[in-house]
Amino acid sequence: MTENLTRAATAESISDGPGSVITLLTDTAELTCNTASFEAGAAGAPVHFHTKATEFFHVTDGRLDVLVGDEIHTLVKGDFIAVPPGVKHAFAPASDSTAEVFVGFTPGMGRFDYYRLLGRVRAGEATVQDIIDSQPVYDNHYAESDTWAGRLKRSAEA
């Protein structure tokens, strides 16, 4: 067996939006894992689904809102949720909260380049169209949700 070790001091980190940092941990055919750190008010991930992978979240600090289907769950430190393939979901720090989250996908699939693309869009080196075009490559398919849109509207009004 070959180990897969990532040291915190040398892990690659990417800012994919204001107040959001993704730290890349492992990206193999079996498993993709990263951490996500969100400041209060960060946008998080928009509504999307995966056709092949289960995505899971373990909150290590703060509070995280997670859309699963048409229901929003607020997870707190220590909570875990897994979203099976085909189920639309989104996530962001809960209102007026930060969040630290361990995120994983099984099976994995070389998803780190997707995160790098997000970082390049943030830096002005790529476009949103590049992200849209990458949906089948990274099994990250964007969707819409009235439930999530309502959450965003309520947050903006608060």
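Residues numbered from 1 in each chain as written. Predicted model: local features only at pLDDT ≥ 70, side-chain atom pairs only at ≥ 80, totals over all residues. Heavy atoms only, no water.

Let's shift gears to unusual backbone geometry. Residue Pro107 is reached from Thr106 by a cis peptide bond, and omega for that bond is -5 degrees. Its location among the elements puts Pro107 in the loop between strand S9 (99–106) and helix H1 (112–122). Positive phi values are uncommon outside glycine, yet Asp96 reaches one of about 60 degrees. Locating Asp96 in the fold gives a position in the loop between strand S8 (89–93) and S9. On the basis of relative accessible area, Asp96 is assigned to the exposed category, the value being 76%. Here Asp139, not a glycine, exhibits a phi torsion of approximately 50 degrees, which is positive. Here Asp139 is to be found in the loop between helix H3 (135–138) and strand S10 (141–142). You can call Asp139 buried: its relative accessible area is 1%. (Helix = DSSP H or I, 4+ residues; strand = E, 2+ residues; numbered from the N terminus. Buried < 20%, exposed > 50% of the residue type's maximum accessible area, 1.4 Å probe, protein only.)

It is worth spelling out the pairing of strand S3 (residues 32–38) at this point. Within a regular beta strand, the side chains point alternately toward one face of the sheet and then the other, so they alternate between its two faces. Most of S3 sits out of view: 5 of its 7 residues are buried. As defined by bridge partners, strand S2 (residues 20–27) adjoins S3 across 7 bridges and the pair is classed as antiparallel. Residue pairing across strands places Ile22 opposite Ala36, the latter belonging to S3. Two successive antiparallel strands, S2 and S3, enclose a turn made up of 4 residues. Of the pairings in the sheet, the one linking S3 to S9 comprises 7 bridges and is antiparallel in character. Within S9, the position partnered with Ser37 by the bridge is Glu100. (Pairing = 2+ DSSP bridges.)

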